[in-house]
2 protein chains.
Amino acid sequence: MKDINDISTQAPDNIIKSDTNEELLKLRQQLFILQNIFYAESKHALLIILQGMDTSGKDGTIRHVFSCINPQGCIVKSFKTPTEEEKLHDFLWRIYANLPEKRMIQIFNRSHYEDILFPVVHGLLDKKEVQERHEMINRFEEHLQKSGTIILKFYLHISKEEQHKRLEKRVTNPEKKWKYNSGDKKEAKKWDDYINAYQNVLDGCGKNNPWIVVPADEKWYRNYLVANTIVETLENLKMKYPK
Amino acid sequence: MKDINDISTQAPDNIIKSDTNEELLKLRQQLFILQNIFYAESKHALLIILQGMDTSGKDGTIRHVFSCINPQGCIVKSFKTPTEEEKLHDFLWRIYANLPEKRMIQIFNRSHYEDILFPVVHGLLDKKEVQERHEMINRFEEHLQKSGTIILKFYLHISKEEQHKRLEKRVTNPEKKWKYNSGDKKEAKKWDDYINAYQNVLDGCGKNNPWIVVPADEKWYRNYLVANTIVETLENLKMKYPK
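Residues numbered from 1 in each chain as written. Chains lettered and ligands numbered in written order. Predicted model: local features only at pLDDT ≥ 70, side-chain atom pairs only at ≥ 80, totals over all residues. Heavy atoms only, no water.

Undergrad: Help me out: how do you make sense of the sheet that holds strand E4 (residues 149-157) of chain A in this one?
TA: Each strand in a sheet pairs with another by means of backbone hydrogen bonds, the pair being arranged parallel or else antiparallel. Residues and elements named next belong to chain A. Judged by pairing direction, the sheet is parallel, and its 5 strands sit side by side in the order E2-E3-E1-E4-E5 without closing on themselves. Taken across any chain shown, the strands that pair with only one partner, and hence form the sheet edges, are strand E2 (74-78) and strand E5 (211-215). Taking the axes of each pair of neighbouring strands and ignoring which way they run, one obtains an average angle of 20 degrees across the sheet. Here helix H6 (residues 127-146) sits on the sheet and contacts strand E1 (45-52) and E4; the angle it forms with E4, its principal contact strand, is near 135 degrees. Contacting E1, E4 and E5, helix H10 (residues 219-235) runs over the sheet at an angle of about 165 degrees to E4. (Pairing = 2+ DSSP bridges. Helix = DSSP H or I, 4+ residues; strand = E, 2+ residues; numbered from the N terminus. Axes fitted to C-alpha atoms, helices over the stretch in contact; angles between N-to-C directions. Contact = heavy atoms within 4.5 Å.)

In structure tokens form, the structure reads like this:
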């Protein structure tokens, strides 16, 4: 993967916002229909992993892309700082407990990748340990894929300036204040360390498990790209209602 | 509660389908917004219980009313025949494991009420045992309400003729075939026994936990009534984004 810093965080110039928003509405309708066949067919599980810096729009993507689908076939799991119980287990234990069964779409808001991001930025693991964990993750994902789970990994890519703006909004906008966390600004100062850790995450993943880097400074483009990728993935399955 | 057989399964005469469908679209938009405040405020949990005969539209209600909300704040749990593990516990054990935390909307597709329906119809419990279970359920729900959970219980009320039509569609419609279960027609023959069991369920619930009987022969009216009840319930909470 090329240097993240060289990948634009903005929509390509030839993409028009109003057209894209219209397209998103159509994609949401398609997703609603495709999900029903996916559920009925029960051949695959779909695991969608959302990663990105604080304020990169993980919650917003879920709210605006997935608030068109049947919640009976979709589960969202947000991974926070591991609990005391979770810490007593290996780092994939809590992930395993939240894997989707066939016919389900499971969205991970943060994921096992936090375990090779946070500890790296905070100097809790050395290079070899990180490398080992990354190999474990690759093998784990390969195992899932061989067992019928489709994995889509989105890295929501924002600029440092955009993050700054969004953190300010959390302080001033009454509808966003509840999301404000006093630790956010502290973590934001480690921007470069996080970028480096993400670079390793993007570089080190297996060939069959590529990350999709989503330019995410503009929410409308981010939502469109995520929705479009999922619809294309489901369409490629050539699904049918079972007899 | 009056005799279920005397309650209409159809929309009132003065309700117009096209207006109601437009109203549903508005209600879905309101629900999307209200849910966000509900989640942010984190003061209550909302438990929505859907019960009704086979084909009464539990799945359809979820698909058409709730496919407008953020799946991050909504979980659907379908209760099937108890597993071997579940049978080794009391009948509320599996229910407890699926209760919503504050800020979440939890939908039960069938529920603990199955435990005073199926065993009654199949003669597995005597009157006294059923009565005891019902009291346990009432106390359980009161406990939840006192602990900040709002409970909405919908009985989707269809006619025997409508059920017959819908079961036929499951055999002939390629998009519905996957829902067909060879046991459905066998259970349908016990219509009167189920109606009696439901009558007891509706009659025996506590004053603070009334059932909402939803005329459900027409899907458009059913969806509207469920959506409208939920929106009114959330609006009455006078919620605010926290500071």
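Undergrad: Just to check I follow, could you spell out empty space enclosed by the protein for this structure?
TA: Empty space among the atoms becomes visible once a probe the size of a water molecule is rolled across them. For the structure shown, the criterion picks out 1 cavity of 30 Å³ or more. Of the pockets and cavities examined, the largest cavity occupies roughly 30 Å³. Contributing to the lining of the largest cavity are Arg63(A), Gln35(B), Asn36(B), Tyr39(B), Asn70(B) and Gly73(B). Here the element with the most residues in the lining of the largest cavity is helix H1 (residues 17-41) of chain B; it accounts for 3 residues. (1 Å grid on protein atoms, 1.4 Å probe; cavity = no way out; pocket = protein on both sides within 12 Å on 5 of 7 lines; lining within 4 Å. Points joined across faces, edges and corners; volume = space filled by probe spheres on them.)

Undergrad: How should I be thinking about unusual backbone geometry in this particular structure?
TA: When glycine is set aside, most residues are seen to have a negative phi, and most peptide bonds are trans. Unusually for a residue other than glycine, Lys238(A) sits at a positive phi of about 50 degrees. By relative accessible area, which is 65% here, Lys238(A) ends up exposed. Backbone geometry at Arg103(B) places phi at a positive 85 degrees, although glycine is not the residue there. Tracing the backbone through its elements, the reader meets Arg103(B) in the loop between helix H4 (93-96) and strand E3 (105-109). (Buried < 20%, exposed > 50% of the residue type's maximum accessible area, 1.4 Å probe, protein only.)

Undergrad: Help me out: how do you make sense of a positive patch on the surface in this one?
TA: Together, Lys43(A), Lys240(A), Lys243(A) and Lys177(B) give the surface a local cluster of positive charge. Among the secondary structure elements, Lys43(A) is positioned in the loop between helix H1 (17-41) and E1. (Patch = residues over 30% accessible without salt bridge, like charges linked within 9 Å, V, L, I, M, F, W, Y side chains within 5 Å. Areas by Shrake-Rupley, 256 points an atom, 1.4 Å probe, with all protein chains shown as cover. Salt bridge = Lys/Arg side-chain N within 4 Å of Asp/Glu carboxyl O. Lys, Arg positive; Asp, Glu negative; His and termini not counted. Charge placed at Lys NZ, Arg CZ, Asp CG, Glu CD.)

Undergrad: Would you mind showing me how to read the pattern of salt bridges here?
TA: Once their charged atoms are close, side chains differing in charge can pair, the charge on each being opposite to the other. Residues and elements named next belong to chain A. By the definition in use, this model includes 24 salt bridges over all chains. Put simply, Asp184 and Arg170 hold a salt bridge, and the shortest N to O gap is 3.1 Å. With a gap of 14 residues between them, Asp184 in helix H8 (residues 184-188) and Arg170 in helix H7 (residues 160-172) connect regions that are remote in the sequence. A relative accessible area of 13% places Arg170 in the buried class.

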